[in-house]
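Below are the chains, spelled out letter by letter.
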Amino acid sequence: MKTAQEKLDERAERQYRRTHKEKFVLKPRDIVFSIFNYLFFILFTIACFFPFYYLFINTISDNSLVQKGLINFYPVGIHFDNYAALRSVNDLFQSFLVSISRTVIGTALMVLASAFVGYLVTKPEMWGRKIWYRLLVITMYFNAGMIPWYMNMSMLGLTNNYMAYIIPGIVAPYNIILVKTYIESIPQELEESAEIDGASYMTIFRKIIWPLCKPILATIAIFGAVGNWNSFQDSLILMQSSPNLFTLQHRLYIYLNQASNLSSLMSSSSNVNTSVIQSMLNGKVIKYTISMVTVLPILIVYPFMQRYFESGIMLGAVKG
Amino acid sequence: MSSKEKKAGMISHVVRAGAIAMVVLLFIPGLNPARITKMIGDEASLLTSGFFYGTLTSGMGRAFTKGWINESSMILLFISCLICCLGVITAAVGACLTLGNLKCHRFANLLAMIGSGVAALSMTGVYIAYTQVAATSKPKKVEPVFPAGIYAVVIIALIVFAVALISNLVLPKASKEMKMKMESPYKLFLMLLPFLLLAFVFSYLPLWGWRYAFFDYKAGDTLSMSNFVGFKWFTYLFQNTATAKDIVMVLRNTLIMSGLGIATSWLPVAFAIFLNEIKNVKFRRVVQTLTTIPNFISWVLVYAVAFSIFSTDGFISSIMVNSGAWSQGVNMLMGNSNTWLKMLAWGLWKGLGWSAIIYIAAISGIDKGLYEAAKVDGAGRFQRMWHITVPSLIPTYCVLLLMSVANILSNGMDQYLVFKNATNASTITVLDLYVYNLGIVGGSIPLSTVVSMVKSIVSVILLFVANTISKVIRGESIV
């Protein structure tokens, strides 16, 4: 979005160019620079995007052509049977459910907790506020290490337990700092007048803080959701003996590392076209299709959420 | 406030301390009253025993089918533990509410009495379960033990009960129309308390796990003074030639990869500056959008992408084979050559566009007047870039650079784990991956704890140093 100021600037610049035309004659080295500049950005952008496109066209093209390596730039013989056939890949749907549910539940609880705690730590009258806030913030800067963390989780009974995906993520110090800073930028008068009217802390939080904080909460929600969807380590380390709790990322990692014939993965009692399954199994198509399913939520959500992502990194500049 | 209330307030400190002790007890596996046979894991705490029946009875299938233990006694044990946990939680809630006014305080004492009473009574269930298990036909296999935890729970619960009772006897009766109330400092604190507990349990409690570094521990053992070994594992790390070699290799990989990261940390700045030189706003938008996507996919997916492009039947091999240049596909992900540069390249592919955003935003914040003034003075395009844009990005760059120096030992594990294969283990294993292989895969808990611990301490020191440097030079702290 262009701000009014930017529009004005642009107009002024155009005006300036028109009146000072002779000054803007392009020199040869400027042209060469521009060409290389454009070229670099075009190539890098293609490098960033092409792999996803390549994966996608290979999952919707004719499987025998894919197998011969003939689908490189555009799809041929478009069909979506591969995606339908995924239904009969063992455990995949279960992992999908685990990933989706942890993303939704984990993010919702994290956002609620961050908003509430962020609000509480702005209250100067709290008993021992400074100490508690510092204790929360310090946790960002150290960790005991992977093995002590693992031993702690197993002591708490959070190994091979779905709750291990949800509970540890509820208190997120960085997000708490973001919300706190945001609340401190809201005019105090709103809260004060509500307090005078006899509103309780909970009422103020629900009726004033929550609605006003929505922009920042949207930002942390999106980062939280992406983090949850992508998380792989907790599944790898904590769920060692519960394959039914593996996340989609973990499942994909396992499939990618398996030998090319994945026929053992298929459940026999499937009602999908068996020829599709056969052509899919014998190689890379199934791996590509599972990869695509894993990356698709991010690719779909991304364009809509981009402005939140970008405001997110700018918030990184603030401090507690 | 009357003198009686003051006295009761003093007494209530004991109730609170007792409630804290009971809550802590829930987490200590060594004092788990539910461990009535050695078949119950020594990692299980009272909380685990009370909430996860599966964990409590894991490994008992044989004992149940053979009839050594009657399953009903385990169910009795489980229910008793659950009731005990609920009792402790009730008592803890009561202890929290003792901070309120007279009416609230009296109610809180009542809650504490109920909770601790229930917790103490639930131990009879545990005791009955113990007597049933002790009467097993196979004492050698089942190994019944009398859990010392029962005493701990009963004693603390009775103290809390008695003190709460005394406190209520001391306190005057509250008038009927009085309402339960609490002063706002305490109210706010109690609202925050659950979250503080979560932070404590998941961020501070793991530090307690550092004790494994000083014991001779194998999975399933108990920690007791008999297997305390002091600093044995610390010296072992350097005296054992095999591990010492590993450590040198791992440190080399870690430092080189982090070093390459730091050496290329100016690239996002350059990316932002050159992108800013492109005047076509739409083109800039598209570039920015598409180059930030890789940042939001996991390393597993980056590997999937790498697989689709560089594997034996991936994009490059397909093109080369179909054009006849290669006789057969080559898996470029295998092999031990240039691993560090490849990892750097993947890191840049994933992070470059994203890291540039902060600089792009900084550039848009530069005063346009500066450029105009420079133009009037006859400065060319490159002079303007070098003398205006670059200097205004330096402060941001310095902060991020210092942070990456502080994180020199922590380059994460995901990237290296997914790209690891049989051929490149010696160049790709970084510290975090080494700890994972050693502790989680290999099961050497003490040794890997030592490495984890040293790494954490060094990282904190580095962060502190970086922060001090920043304070001295820029007069601003970075954390």
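Treat the numbers as computed from the prediction; the structure is a model and nothing was measured.

*Asks:* An account of the overall build of chain B is requested, with residue identities and associated values reported.
*Replies:* Secondary structure summary: chain B contains 22 helices and zero strands in total. Projected onto its principal axes, the C-alpha coordinates of chain B cover approximately 90 × 65 × 45 Å. Evaluated residue by residue, chain B yields a buried proportion of 48% over its 479 residues. If you take every contact in chain B between residues at least 6 apart in sequence, the share linking residues at least 24 apart comes to 68%. When the accessible surface of chain B is split by element, carbon and sulfur atoms take 68% of a total near 22300 Å².

*Asks:* How would you summarise the overall build of chain A if you had to cite specific residues and measurements?
*Replies:* Looking only at helices and strands, one finds 16 helices and zero strands in chain A. Here chain A holds 320 residues, and the buried ones make up 48% of them. A sequence separation of at least 24 residues applies to 72% of the contacts in chain A between residues at least 6 apart. Carbon together with sulfur atoms contributes 65% to the accessible area of chain A, which is approximately 15800 Å² in total.

*Asks:* Any details on the nonpolar core? Residues and values, ideally.
*Replies:* Residues Phe-419 and Tyr-436 of chain B are the most contacted members of the largest nonpolar core, which totals 168 residues. Sequence-distant contacts of Tyr-436 of chain B, that is, excluding residues within four places in its chain, are made with Met-146, Leu-236 and Ile-237 of chain A together with Met-413, Leu-417 and Val-441 of chain B. Listed in part, the 43 residues of the second largest apolar core include Ala-44, Leu-56, Cys-84 and Ala-91 of chain B.

*Asks:* A description of unusual backbone geometry should follow, citing residues and the corresponding values.
*Replies:* Although it is not a glycine, Asn-160 of chain A sits at a positive phi angle of roughly 55°. Phi at Asn-338 of chain B is positive, roughly 55°, even though this residue is not glycine. Mapped onto the secondary structure, Asn-338 of chain B falls in the loop between α15 (315-322) and α16 (339-364).

*Asks:* So what about helix α14 (residues 248-256) of chain A? Which residues, and what values?
*Replies:* Across the nine residues of α14 of chain A, eight count as buried, placing the element largely inside the fold. Along α14 of chain A, the residues classified as buried are Leu-248, Gln-249, His-250, Arg-251, Leu-252, Tyr-253, Tyr-255 and Leu-256 of chain A.

*Asks:* Hey, could you go over the side chain of Thr-59 of chain A for me, with residue numbers and the actual values?
*Replies:* Positionally, Thr-59 of chain A belongs in helix α2 (residues 28-60). There is a polar contact of 2.9 Å between the side chain of Thr-59 of chain A and the side chain of Tyr-83 of chain A.

*Asks:* Describe a nonpolar patch on the surface, with residues and values.
*Replies:* All names here are of chain B. Residues Ile-75, Ile-79, Ile-83, Phe-107, Leu-110, Ile-114, Val-118 and Met-180 make up a contiguous nonpolar surface patch of about 650 Å² in total accessible area. Residue assignment for the nonpolar patch shows that the elements contributing at least two residues are α5 (71-97) and α6 (102-134). With four residues, the top contributor of residues to the nonpolar patch is α6. As for its position among the elements, Ile-83 is in helix α5.

*Asks:* Which residues make up empty space enclosed by the protein, and what are the values?
*Replies:* Taken as a whole, this structure holds two cavities of 30 Å³ or more when the rule is applied. Looking at the largest cavity, its volume works out to about 50 Å³. If you go around the largest cavity, the residues you meet are Pro-148, Met-151, Asn-152 and Met-155 of chain A together with Leu-205, Pro-206, Trp-208, Gly-209, Arg-211 and Tyr-212 of chain B. Contributing to the lining of the second largest cavity are Met-22, Leu-25, Leu-26, Leu-46, Cys-84, Val-88 and Val-153 of chain B.

*Asks:* Could you give an account of the packing of aromatic side chains, naming the residues involved and the relevant values?
*Replies:* For the coordinates displayed, the defined rule picks out 49 aromatic pairs over all chains. Note on Tyr-38 of chain A and Phe-283 of chain B: the rings are 4.9 Å apart at their centroids and 50° apart in plane angle, and the pair reads as tilted. Linking Tyr-38 of chain A in helix α2 with Phe-283 of chain B in helix α13 (residues 281-292), this pair reaches from one chain into another. Measuring from ring centre to ring centre gives 5.5 Å for Phe-146 of chain B and Tyr-151 of chain B, while their planes differ by 55°; the resulting arrangement is tilted. For Tyr-151 of chain B, a relative accessible area of 51% corresponds to the exposed category. Three or more aromatic residues joined by ring pairs form one cluster here, namely Phe-52 of chain A together with Tyr-303, Phe-307, Phe-310, Trp-346, Trp-349 and Phe-419 of chain B. Over the ring of Trp-233 of chain B we find Lys-232 of chain B, and its NZ or CZ is 4.5 Å from the ring centre. It is Lys-350 of chain B that lies over the ring of Trp-299 of chain B; its NZ or CZ is 5.1 Å from the centre.

*Asks:* How would you sum up the interface of chain B and chain A? Please name residues and give values.
*Replies:* Where interface size is given, it is often the accessible area lost as the parts come together that is meant. Listed by partner, the interface residues are 96 residues for chain B and 95 residues for chain A. Where chain B abuts chain A, roughly 8800 Å² becomes buried across the two surfaces, and 75% of that area is made up of carbon and sulfur atoms. With a shortest N-O distance of 3.8 Å, Arg-381 of chain B and Asp-30 of chain A are connected by a salt bridge. For the pair chain B and chain A, the number of links is 18 residue pairs in polar contact (both at pLDDT 80 or more).

*Asks:* Quick rundown of the side chain of Thr-429 of chain B? Include the residues and the values.
*Replies:* Along the chain, the position of Thr-429 of chain B falls in the loop between α20 (425-428) and α21 (431-441). When sequence neighbours within four positions are dropped, the list of residues in contact with Thr-429 of chain B reads Met-249, Val-250, Asn-253, Tyr-434 and Asn-437 of chain B.

*Asks:* So, the environment of Pro-395 of chain B: which residues are in play, and what are the values?
*Replies:* All names here are of chain B. Relative to the elements of secondary structure, Pro-395 occurs in helix α18 (residues 381-406). Overall, Pro-395 belongs to the partly exposed group, its relative accessible area being 39%. Along the sequence, Pro-395 and Arg-474 sit 79 residues apart, while their C-alpha atoms lie 8.6 Å from each other.

*Asks:* How would you explain the packing of helix α5 (residues 92-120) of chain A against α14 of chain A if you had to name every residue and give the values?
*Replies:* All names here are of chain A. Where α5 contacts α14, the axes come no closer than 8 Å and their chain directions differ by 145°. Contact residues: α5 offers Leu-92, Ser-95, Phe-96 and Ser-99, while α14 offers Leu-248, Arg-251 and Tyr-255. Each residue belonging to the contact of α5 with α14 can be placed in one class, and the counts come to four nonpolar, two polar and one charged.

*Asks:* Which residues make up the environment of Ser-12 of chain B, and what values do they have?
*Replies:* Residue and element names in this part refer to chain B. Position of Ser-12 relative to the elements: it lies in helix α1 (residues 3-27). Residues Ser-12 and Ile-166, spaced 154 residues apart in sequence, show a C-alpha to C-alpha distance of 9.5 Å. Among residues more than four places away in sequence, those in contact with Ser-12 are Thr-98, His-105, Asn-109 and Ser-167. A polar contact of 2.6 Å, which involves the side chain of Ser-12, links it to the side chain of His-105.

About the thresholds
- Residues numbered from 1 in each chain as written.
- Chains lettered and ligands numbered in written order.
- Predicted model: local features only at pLDDT ≥ 70, side-chain atom pairs only at ≥ 80, totals over all residues.
- Heavy atoms only, no water.
- Helix = DSSP H or I, 4+ residues; strand = E, 2+ residues; numbered from the N terminus.
- Buried < 20%, exposed > 50% of the residue type's maximum accessible area, 1.4 Å probe, protein only.
- Contact = heavy atoms within 4.5 Å.
- Areas by Shrake-Rupley, 256 points an atom, 1.4 Å probe, with all protein chains shown as cover.
- Core = buried A, V, L, I, M, F, W, Y, C linked by side-chain atoms within 4.5 Å.
- Polar contact = N/O pair within 3.5 Å; in protein donor to acceptor, adjacent residues only side chain to side chain.
- Patch = residues over 30% accessible without salt bridge, like charges linked within 9 Å, V, L, I, M, F, W, Y side chains within 5 Å.
- Salt bridge = Lys/Arg side-chain N within 4 Å of Asp/Glu carboxyl O.
- 1 Å grid on protein atoms, 1.4 Å probe; cavity = no way out; pocket = protein on both sides within 12 Å on 5 of 7 lines; lining within 4 Å.
- Points joined across faces, edges and corners; volume = space filled by probe spheres on them.
- Phe/Tyr/Trp six-rings, centres within 6.5 Å; stacked < 30°, edge-to-face > 60°.
- Lys NZ or Arg CZ within 6 Å of the ring centre and 35° of its normal.
- Buried area = accessible area lost by both parts, 1.4 Å probe.
- Axes fitted to C-alpha atoms, helices over the stretch in contact; angles between N-to-C directions.
- Nonpolar A, V, L, I, M, F, W, Y, C, P; charged D, E, K, R; others polar.

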